[in-house]
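# Close look at the chain arrangement
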Amino acid sequence: MKKLITILSLIASLTLLNAAYPDGNELLKKIDDNMLSKTMKAKTTMVVQTKRATRTMVSINWAQGNSKSFSEYLSPAREKGTKMLKDGDNLWIYDPNTDRIIQISGNMLKQSVMGSDLSYEDFMEESTMQESYTATVSGAKVYEKRDCWVLNLSAKKADVAYQKITMYVDKVRFIPLYEDRYAKSGKLLKTTRVQEVMQVKDRWYPKTVLYKDALKNSKGTLFNVESIEFDLSIPAYIFSKASLKK
Amino acid sequence: MFKFVLKGLFRDRSRSFFPILIVTAGVMVTVFLTSFLDGYLRSMIRQNARFATGHMKIVTNAYAEKLSQKPYDLGFINSESEFEQWKKEFPDIRWTPRIYFGALLDVPDASGNTSEQGDIFGMAIDMQDETAVKDIQIKEALLQGRLPEQPDEVLLSEDLFNKLGLSLDSTITLLGSSVYGAMAFRNFSVCGTISFGVEAIDRGGLVADIEDIRAFLDMPGGATEYFGYLPTADYDDAKAKEIKKQFNAKYNSEDEFAPVLLTLTDQNDLGILLEFYGAYLGMISFIFVIIIAIVLWNAGLMNSIRRYGEFGLRLAMGEQKKHLYWWLIMESLAIGVVGSVIGAAIGIMVLLYFHTHGIDFGVFLKDSSIMMENIIYTSVELKNVLLGILPGILSTLLGAMLAGIGIFRRKTSQLFKELET
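In this report, we go over the structure that sits alongside the text. (Residues numbered from 1 in each chain as written. Chains lettered and ligands numbered in written order. Predicted model: local features only at pLDDT ≥ 70, side-chain atom pairs only at ≥ 80, totals over all residues. Heavy atoms only, no water.)

### Examining the overall build of chain A
Looking only at helices and strands, chain A features 4 helices and 13 strands. A burial count over chain A gives 47% of its 246 residues as buried. Relative to all contacts within chain A whose residues are 6 or more apart in sequence, the contacts with residues 24 or more apart total 46%. A total accessible area of about 12,700 Å² is found for chain A, and carbon and sulfur atoms account for 53% of it. Within chain A, one finds 39 positive and 28 negative side-chain charges whose respective centroids are separated by 4 Å. (Helix = DSSP H or I, 4+ residues; strand = E, 2+ residues; numbered from the N terminus. Buried < 20%, exposed > 50% of the residue type's maximum accessible area, 1.4 Å probe, protein only. Contact = heavy atoms within 4.5 Å. Areas by Shrake-Rupley, 256 points an atom, 1.4 Å probe, with all protein chains shown as cover. Lys, Arg positive; Asp, Glu negative; His and termini not counted. Charge placed at Lys NZ, Arg CZ, Asp CG, Glu CD.)

This is the structure in structure tokens:
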């Protein structure tokens, strides 16, 4: 009888524990709701640390959902005036020195952006987290003094850049604070660590993120959001090829 | 006596024809094979020295660690004064800077948008230096147009040029990363097309002046590699290693951008290749001796059976077994010499043909990254002929010695019985 009571209480506690975890896909929806907006404009700095030097690049970026974005580099001098346009699956770069618009495609998308730990592919993801991944919650953890859910993501389709992701998501703010992104083989490809968050009206957003390409022996790229606005009106011409040469 | 043996052999052709044929074929194949291998190895060393290794090269420590990846971002920057110093210190060596890089080649359409793209493997040399131009034999490799004369002119591989549908004076844009990781763009004009006959380079090669590429990759006064060539045309490993010792003792340190000198044999596994090459040739000769000896041993046994009566009669007439054995060896020596001379003569004729016309391996090297010429020319060297002749003679002697052992087993008491039958 005692044994039966022990087994029953064990099953009950496991069930309760499971019930205490939220649904992983529900969490993904909340992350998408928090991180995405209809439109967005941000001024960012990207600090790239290489063996030779540390470079800081300032850019101004516009985005419409996940499918369209436009960036213009303001500094340093060598990069000033360089523009990038993403429209769906297409990515173009404009270089003012050669006055050329060059399409980036194929293997080039896997290359680093401006020597950073980010690839063009990282910018090309069009689907929301919900559309790309299924998620399960495997536990809870305190990360950087914040209570987080531990989420394990598996890709729903083969064409996403990372087939598996482990992330710690802030339980209250729904920001992925820690991510390890893997290839299908299980090889770690990239890590992201949010170092600072900021509140913009009613949402929380990552302010400083350290990206590290696990395949490179780099110190990482620090991505910092200087200012950001959500759901503002952006003229349609911004996302046209004509705006690259303007 | 040798003349007498020869007479006997040629009068009774059944004794000599088959063994001579075997030795001839064996010597011919060996002479050709060793000459071909020699030519192959020389081609490999020559091409590597020209395009990839020099007789020696100076790179940074960090670059040397990832040498096969040619990470130009770990090359030298503003290194003119150091380069001048090295030139003064080692005046016998001819030094020349190079930059190896990869980039995306973009061809614009009429409105400046991307029309065609292709990956290139770029090589920047000092176009003002006549010997640097000669090193990679650009003039010989030029198929269309001319060498770069103006700034921002490049030569493109004929294959890529045709694939992208370009014409001479077409404008192309190179897109890559600067040594600092920044995006790098530069417009160039195609002034000519080249084909080095090296598949690994001809697939997507681009040759430019080093000053233009320094500007493109943001590496003023820099180079990824400083190639060094010995005054002798052929590579001298001992000399190169001596210079390496002196240079590294003076200039190398633990700093990741400190210069380090590498010899040809330190790169592309060429050291192992050269080390084992002698062994390969020895092995080929040894295998040849064994195979031919076995075949001739068998032929000798067959011959002994055929000449059973003759040997019996000669022994019965009082000829010593030793003398008979010695006779057989003399016969085999004659066969070995004649067969080897004929085999070597035919082998020389074949290798002379391929020394002039070469053997085209282009088809097999289509997707290869091996640094070797598409056409391999056999080398003409006395040592390769000797490498065929000596085993040719040795194998016939060995075959006769083994087959002749049967003579000592004959018993005189049985001879008369055999003669009666």
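### Quick notes on the nonpolar core
All names here are of chain B. Counting residues in each nonpolar core, the largest one holds 43 residues, and the members touching the most others are Ile-138, Phe-196 and Val-207. Residues lining this core come from more than one domain, with at least three contributed by each of domain 1 (2–47 + 272–420) and domain 2 (56–229). If we skip the residues at most four places from it in the chain, Ile-138 touches Ile-125, Met-127, Val-133, Leu-147, Leu-155, Ile-194, Phe-196 and Val-207. (Core = buried A, V, L, I, M, F, W, Y, C linked by side-chain atoms within 4.5 Å. Domains from an automatic or database assignment.)

### Some points on the side chain of Thr-378 of chain B
Residue and element names in this part refer to chain B. Along the chain, Thr-378 falls in the loop between β12 (375–376) and α14 (382–409). By relative accessible area, Thr-378 is classed as buried at 1%. Here Thr-378 is in contact with Phe-32, Ser-35, Phe-36, Leu-351, Phe-354 and His-355, once residues within four sequence places are set aside.

### Describing the pattern of salt bridges
All names here are of chain B. Under the defined criterion, the tally for this structure stands at 26 salt bridges over all chains. One salt bridge connects Lys-139 with Glu-130, and the closest N-O pair in it is separated by 2.9 Å. Of the residues examined, Glu-130 reaches a relative accessible area of 43% and is grouped as partly exposed. Beyond isolated ion pairs, a larger network of salt bridges with shared partners links Asp-38, Arg-42, Glu-381 and Lys-383. (Salt bridge = Lys/Arg side-chain N within 4 Å of Asp/Glu carboxyl O.)

### A look at the interface of chain A and chain B
Chain A puts 23 residues into the contact, and the matching count from chain B is 32 residues. With both chains or domains summed, chain A and chain B bury close to 2,200 Å², and 54% of this area falls on carbon and sulfur atoms. If you sort the residues of chain A by the area they bury against chain B, Arg-52, Arg-78 and Arg-100 of chain A come out on top, with a joint share of 34%. The interface formed by chain A and chain B includes 2 salt bridges. Of the charged contacts in the structure, one is a salt bridge between Asp-218 of chain B and Arg-78 of chain A, with a shortest N-O distance of 3.8 Å. Linking chain A with chain B are 11 residue pairs in polar contact (both at pLDDT 80 or more). Of all the elements in the fold, those that place two or more residues in the side of chain A that touches chain B are β5 (90–95) and β6 (100–104) of chain A. Here the side of chain A that touches chain B gets 5 residues from one element, more than from any other, and that element is β6 of chain A. Tallied by class, the residues present in the side of chain A that touches chain B amount to 8 nonpolar, 6 polar and 9 charged. (Buried area = accessible area lost by both parts, 1.4 Å probe. Polar contact = N/O pair within 3.5 Å; in protein donor to acceptor, adjacent residues only side chain to side chain. Nonpolar A, V, L, I, M, F, W, Y, C, P; charged D, E, K, R; others polar.)

### Re the packing of aromatic side chains
Residue and element names in this part refer to chain B. Summed over all chains, the structure comprises 25 aromatic pairs over all chains. A centroid spacing of 5.7 Å and a plane angle of 65° characterise the contact between Phe-76 and Trp-86, whose relative ring orientation is edge-to-face. Pair noted here: Phe-76 is in the loop between α3 (61–65) and α4 (80–89) and Trp-86 is in helix α4, with a separation of 10 residues, a long-range link. Note on accessibility: Phe-76 and Trp-86 belong to one class, buried. Through a chain of ring-to-ring contacts, three or more aromatic side chains come together here, namely Phe-76, Phe-83, Trp-86, Phe-90, Tyr-226, Phe-247 and Tyr-251. (Phe/Tyr/Trp six-rings, centres within 6.5 Å; stacked < 30°, edge-to-face > 60°.)

### Topic: unusual backbone geometry
Residue and element names in this part refer to chain A. The omega torsion of the bond from Ser-75 to Pro-76 falls at 5°, within 30 degrees of zero and hence cis. Of note, Pro-76 is situated in the loop between β3 (68–75) and β4 (83–87). Unusually for a residue other than glycine, Asp-99 sits at a positive phi of about 55°. By relative accessible area, which is 39% here, Asp-99 ends up partly exposed. Unusually for a residue other than glycine, Asp-231 sits at a positive phi of about 50°.

### Points about the packing of α4 of chain B against helix α10 (residues 237–251) of chain B
The angle between the axes and the distance between the axes are what describe a pair of packed helices. Residue and element names in this part refer to chain B. Close contact between α4 and α10 brings their axes to 12 Å; oriented N to C, the two are set at 140°. Considering the angle they form, α4 stands oblique to α10. α4 and α10 meet at a crossing whose hand is right-handed. Contacts from Gln-85, Trp-86 and Glu-89 in α4 reach Phe-247, Lys-250 and Tyr-251 in α10. Tallied by class, the residues present in the contact of α4 with α10 amount to 3 nonpolar, 1 polar and 2 charged. (Axes fitted to C-alpha atoms, helices over the stretch in contact; angles between N-to-C directions. Parallel < 35°, antiparallel > 145°, perpendicular 65-115°, else oblique. Left-handed = near helix turned anticlockwise from the far one by under 90°.)

### Looking at the packing of helix α13 (residues 321–357) of chain B against α14 of chain B
All names here are of chain B. The N-to-C vectors of α13 and α14 enclose an angle of 155°; their axes lie 8 Å apart at closest approach. The angle between the axes of α13 and α14 places the two elements in the roughly antiparallel class. For the crossing formed where α13 meets α14, the hand is right-handed. In terms of residue class, the contact of α13 with α14 is made up of 18 nonpolar, 6 polar and 2 charged.

### Comments concerning helix α9 (residues 210–217) of chain B
Residues and elements named next belong to chain B. With 6 of its 8 residues buried, α9 lies for the most part within the structure. Listed in full, the buried residues belonging to α9 are Ile-210, Asp-212, Ile-213, Arg-214, Phe-216 and Leu-217. The inward-facing, buried residues of α9 abut β2 (94–108), β3 (114–125), β5 (153–157), β6 (171–177), β7 (183–194) and β8 (205–209).

### Digging into the layout of surface pockets
All names here are of chain B. Taken as a whole, the second largest pocket spans an internal volume of roughly 590 Å³. Around the second largest pocket, the lining is made up of 22 residues, and of these Ile-45, His-55, Ala-233, Asp-234 and Tyr-235 lie nearest the centre. Top contributing element to the lining of the second largest pocket by residue count: helix α2 (residues 13–53), with 7 residues. (1 Å grid on protein atoms, 1.4 Å probe; cavity = no way out; pocket = protein on both sides within 12 Å on 5 of 7 lines; lining within 4 Å. Points joined across faces, edges and corners; volume = space filled by probe spheres on them.)

### What to know about the pairing of β2 of chain B
Side-chain positions along a regular strand alternate between the two faces of the sheet. Residue and element names in this part refer to chain B. Most of β2 is tucked away: 12 of the 15 residues are buried. Taking the residues that link successive antiparallel strands as the turn, the β2-β3 hairpin has 5 residues, and the phi of Gly-112 there is positive, at about 90°. Taken together, the 3 bridges between β2 and β6 define a ladder with antiparallel strand orientation. In the sheet register, Leu-105 faces β6, and the bridge partner there is Leu-174. (Pairing = 2+ DSSP bridges.)

Any functional reading would require information that these geometric values do not contain.
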